[in-house]
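Structural description and commentary
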Amino acid sequence: MLYVGITNNWQKRIAEHIADAENLKHSFAGKYNCRYLLHLEEFMFVYDAIAREKEIKGWNRQKKEKLITEHNPDWIFLNEHV
């Protein structure tokens, strides 16, 4: 499962996803073990981030995988690298 979302603090959000995955198996993050960052885009304005999130959420998995591969060809977990 590829999760798409916006946040103003990705480190905190990933920590929340990890906690959800461990404790809340009924949450999206818990159900699909969403805990690794593969792609990150930064925006100055939240409106732009929301528009991009909606755009990407409308894509099929193949197009999302292509976006990740273009910027992170080895699909390295970026949690510790960004």
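Use the structure listed above.
Here's a quick rundown of the structure. Quantities reported herein were computed from a predicted structural model and do not represent experimental measurements.

**Structural notes on the layout of surface pockets**
- Put simply, the largest pocket is a space of about 1,100 Å³.
- If you trace the largest pocket, you find 36 residues lining it, with Tyr-3, Val-4, Gly-5, Leu-37 and His-39 closest to the centre.
- Those elements that place two or more of their residues in the lining of the largest pocket are helix H1 (10–23), helix H3 (46–57) and helix H4 (61–71).
- The residue inventory of the lining of the largest pocket, partitioned by class, reads 22 nonpolar, six polar and eight charged.

**Details of the pattern of salt bridges**
- One pass over the full model with this rule turns up six salt bridges.
- Here Arg-61 and Glu-65 are joined by a salt bridge, their closest N and O atoms 2.6 Å apart. With Arg-61 and Glu-65 both in helix H4 and four residues apart, the pair spans about one turn of that helix.
- A relative accessible area of 27% places Glu-65 in the partly exposed class.

**Regarding the side chain of Lys-64**
- Tracing the chain through its elements places Lys-64 in helix H4.
- Discounting residues that sit within four places of it in the chain, Lys-64 has contacts with Leu-2, Val-4, Ile-56, Lys-57 and Trp-59.

**Description of the environment of Ala-15**
- Within the secondary structure, Ala-15 sits in helix H1.
- Ala-15 gets classed as partly exposed once you look at its relative accessible area, which sits at 45%.
- The sequence separation of Ala-15 and Phe-45 amounts to 30 residues, and the corresponding C-alpha distance is 24 Å.

**So, the environment of Leu-78**
- Examined against the element boundaries, Leu-78 turns out to sit in the segment after H4.
- Residue classification places Leu-78 among the buried positions, given a relative accessible area of 17%.
- Taking the C-alpha atoms as reference, Leu-78 lies 7.2 Å from Tyr-36; in sequence the two are 42 residues apart.
- In contact with Leu-78, other than residues within four places in its own chain, are Trp-10, Leu-37, Leu-38, His-39 and Asn-72.

The rules we used
Residue positions are given per chain, counted from 1 along the sequence in the order it is written. Local features in this predicted model are restricted to residues of pLDDT 70 or higher, and side-chain atom pairs are both shown and tallied only at a pLDDT of 80 or more, whereas totals for entire chains, interfaces and linings draw on every residue. Side-chain metrics rest on all non-hydrogen atoms present in the structure, leaving aside hydrogens and water. The method works on a 1 Å grid over the protein atoms by themselves. A cavity is a set of points holding a 1.4 Å probe that cannot get out, a pocket is an open set with protein on both sides within 12 Å along at least five of seven lines, and residues with an atom within 4 Å of a point line them. Grid points are joined across faces, edges and corners, and a volume is the space filled by probe spheres set on the points. Each helix is a run of H or I in the DSSP string that is no shorter than four residues. Each strand is a run of E no shorter than two, and both are numbered from the N terminus. Throughout this entry, Asp, Glu, Lys and Arg are counted as charged residues, while Ala, Val, Leu, Ile, Met, Phe, Trp, Tyr, Cys and Pro are counted as nonpolar. The remaining residues, Gly among them, count as polar. Between Lys or Arg on one side and Asp or Glu on the other, a salt bridge is scored when a side-chain nitrogen of the former is within 4 Å of a carboxyl oxygen of the latter. With a 1.4 Å probe rolled over the protein chains alone, any residue whose accessible area is under 20% of its type maximum counts as buried; one over 50% counts as exposed, and the rest are partly exposed. Contact definition: two residues touch when any of their heavy atoms are within 4.5 Å.

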